[in-house]
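# Structural description and commentary
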Amino acid sequence: MPSIHLPRRRNRIRAALVLGTRPEAIKLAPVLRAMSDSPLFEPMVVSTGQHREMLDQMLSRLHMDSSRDLAVMRDRQQLSGLTARLISGLGEAVRADEPDVVIVQGDTTTAMTGALAAFYEGVPVAHVEAGLRTGVIGNPFPEELNRRLVAPMVRWHFAPTEGSAANLLAEGVDPGQIDVTGNTVIDNLLWVLERGEGRSAFTASGLRRVLVTLHRRENQGETMHGIATALADLAGRPDVEIVLPLHKSPAVRDALLPVLGDHPRIRLVEPLDYFDFAATLAACDLVLTDSGGVQEEAPTLGKPVLVLRTTTERPEAVQAGVALLVGTEPGEVAAAAHRLLDDRAAYGRMAAAVNPFGDGRAAERIVHRLALDLAGRTTGHGEGDLAVA
Ligand code: UD1
Ligand code: UDP
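The following refers to the structure shown. (Residues numbered from 1 in each chain as written. Chains lettered and ligands numbered in written order. Predicted model: local features only at pLDDT ≥ 70, side-chain atom pairs only at ≥ 80, totals over all residues. Heavy atoms only, no water.)

## Considering the site of ligand 2
Definition in use: Put simply, a residue is near a molecule or strand once any heavy atom of it comes within 4 Å of that molecule or strand. Residues adjacent in sequence count toward polar contacts only when both atoms are side-chain atoms; beyond that, a polar contact is any pair of N or O atoms within 3.5 Å, and within protein one must be able to donate a hydrogen and the other to accept it. Reported accessibility uses the Shrake-Rupley method at a 1.4 Å probe radius. Residues are deemed covered only where the shown protein chains occlude them. Strands are runs of DSSP state E lasting at least two residues, helices are runs of H or I lasting at least four, and both sets are numbered from the N terminus onward.
Near ligand 2 there are 16 residues, and of these L272, S291, G292, G293 and E297 occur at the shortest range. Here an oxygen atom of ligand 2 and a side-chain polar atom of R22 are 2.9 Å apart. One of the backbone N or O atoms of G292 is found 2.8 Å from an oxygen atom in ligand 2. Protein contact buries 95% of the 530 Å² of open area that ligand 2 shows by itself. Those elements that provide at least two residues to the shell around ligand 2 are α1 (22-36), α10 (274-283) and α11 (292-300). Counting residues per element, the shell around ligand 2 draws most heavily on α11, which supplies four residues.

As structure tokens, then:
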């Protein structure tokens, strides 16, 4: 690992937060806020623009200004082209900005190339949401590969849970480089709910409210079409209203719209901003999702989750009894949802508010650790160094 040297002319730690998709903006917003509140940091947001509308929606709603935008998104982008545009643009950005630390989040292609570009330039990398693993290299695709590629390039692994820290230890990561922080998504969820500005997207009264999100690449095509038929079956119940904010990906819309486009009890809406999504989640009775972030948020609000995937890197919610890994087979998806809506006792057992993913102070812990390691005390700098209280 390259050694860390703050240039003497600097009196603040220059931190580049690299992000490109909706969840990265949501999950790095608390880190940006904590750094902006500290006199020790000069944070800068490097946006890759891997997502366009969905990223801009979050950046603007969460008041995050980017210092760069690489605008890499293409319609129906392929992973190889996306990776090529990202690594080239990020290499140039890191060389030009000369950050003291590059912060990446999660397992997107933006995160993987952000870590690689920093590593190539000798800049230490901090990984927020480190250590998540399904153990199956192709699922989720390509996220399991991305996060495994990131790990060896990282100086600070910020693991959300003890389980994710254990995954890193099992791979031989030095325990001194791992901090269990909680997930920053919980920081942001609590922050947003406290402001109370969001509006639920449910409209009917007296119906059971089901919130659905779907987007995973490995589910696209036939699998997602099959899940849509399960949702149509569920919406056949007169006591149900389904809200489904559609991901912008055309592959998702191709699979869902032909089956669900016209149903009176299914509201297909454009992506909700984070305030409205949080309010919608708070208002719902049941969640069906293949999203990572939504699996983390729902337990905090006591909402049972049916995970529409065959694997999860977030077993904590399943272990806590608030999530069920139901897979993607339409009959099983529909049966699991009907059962929870019909069986009060089964529903009650799952509708418990628990916080396996954090207490809302993850960003504080992350920023404190970076300050300790980068602000002079442990870097061995002399006169003019920064001190951490
Ligand atoms: C990406 C991440 C995934 C993450 C998800 C969060 C990768 C490979 N995938 O998946 O890990 O869970 O974001 O949502 O990093 N599009 C738009 N406007 C947008 C966003 C997307 O038009 O605002 C369309 C474009 O046609 C784009 C396509 O969606 O080519 C796919 O976007 P991409 O970022 O490649 O993959 P996601 O499925 O969004
Ligand atoms: N989300 C949102 N609006 C929506 C759908 C989701 O704000 O219409 C938020 C959600 O609260 C979660 C994040 O987006 O924090 C999850 O993003 P996504 O499912 O796209 O990606 P993943 O978490 O699977 O990587």
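## Overview of helix α5 (residues 143-150)
Here is the rule we go by: The rule is simple: take the accessible area with a 1.4 Å probe, protein chains only, and divide by the maximum for that residue type; under 20% is buried, over 50% is exposed, in between is partly exposed. Taken from the helix axis, the directions to the C-beta atoms give the arc we talk about.
Taken as a whole, α5 has its buried residues at E143, E144, N146, R147 and V150. An end-on view of α5 places all buried positions within 160° of arc, on one side of the element.

## Some thoughts on the side chain of T328
Test applied: Here a residue-residue contact requires only that any non-hydrogen atoms of the pair lie within 4.5 Å.
Tracing the sequence through the fold places T328 in the loop between β13 (323-325) and α13 (330-342). Ignoring anything within four residues of it in the chain, the contact list for T328 reads N219, T223, I227, L308, R309, T310 and V333.

## Comments concerning the side chain of K27
Within the secondary structure, K27 sits in helix α1. A polar contact is formed between the side chain of K27 and the side chain of E129, at a distance of 2.6 Å. Ignoring any residue separated from it by four or fewer positions in sequence, one finds K27 in contact with Q105, E129, N183, T184, V185, G293, E296 and R314.

## Structural notes on the packing of helix α7 (residues 184-195) against α11
Put simply, the test is: Here an angle of 0 to 180 degrees is reported between the N-to-C directions of two axes, which are lines fitted to C-alpha atoms, with helices fitted over the stretch in contact. Note on terminology: angles under 35 degrees are roughly parallel, angles over 145 are roughly antiparallel, angles of 65 to 115 are roughly perpendicular, and the others are oblique. By convention, the crossing between two helices is left-handed when the near helix turns anticlockwise from the far helix through less than a right angle, and right-handed when the turn is clockwise. Gly falls in the polar group here, along with every residue not listed as nonpolar (Ala, Val, Leu, Ile, Met, Phe, Trp, Tyr, Cys, Pro) or charged (Asp, Glu, Lys, Arg).
Contact pair α7 / α11: the axes reach a minimum separation of 10 Å and the direction vectors enclose 55°. Between α7 and α11, the angle falls in the class oblique. Regarding α7 and α11, the two cross each other, and that crossing is right-handed. Between α7, through V185, I186, L189 and L190, and α11, the contact on the second element is made entirely by E296, E297 and T300. Partitioning the contact of α7 with α11 into residue classes produces four nonpolar, one polar and two charged.

## Considerations on the packing of α7 against α10
Helix-helix packing is described using two parameters, namely the angle between the two axes and the distance between the axes. For the pair α7 and α10, interaxial distance at closest approach is 10 Å and the crossing angle is 85°. As far as their axial angle goes, α10 and α7 are roughly perpendicular. Together, V185, N188, L189, W191, V192, L193 and R195 of α7 and Y274, F275 and A278 of α10 make up the contact between the two elements. Residues that form the contact of α7 with α10 fall into these classes: eight nonpolar, one polar and one charged.

## A closer look at the site of ligand 1
Surrounding ligand 1, one finds 24 residues, the nearest of these being H51, E53, R74, E143 and R217. Within the contact set of ligand 1, an oxygen atom lies 3.2 Å away from a backbone nitrogen or oxygen of R52. Within the contact set of ligand 1, an oxygen atom lies 2.6 Å away from a side-chain nitrogen or oxygen of R217. Classifying every residue of the shell around ligand 1 gives six nonpolar, nine polar and nine charged.

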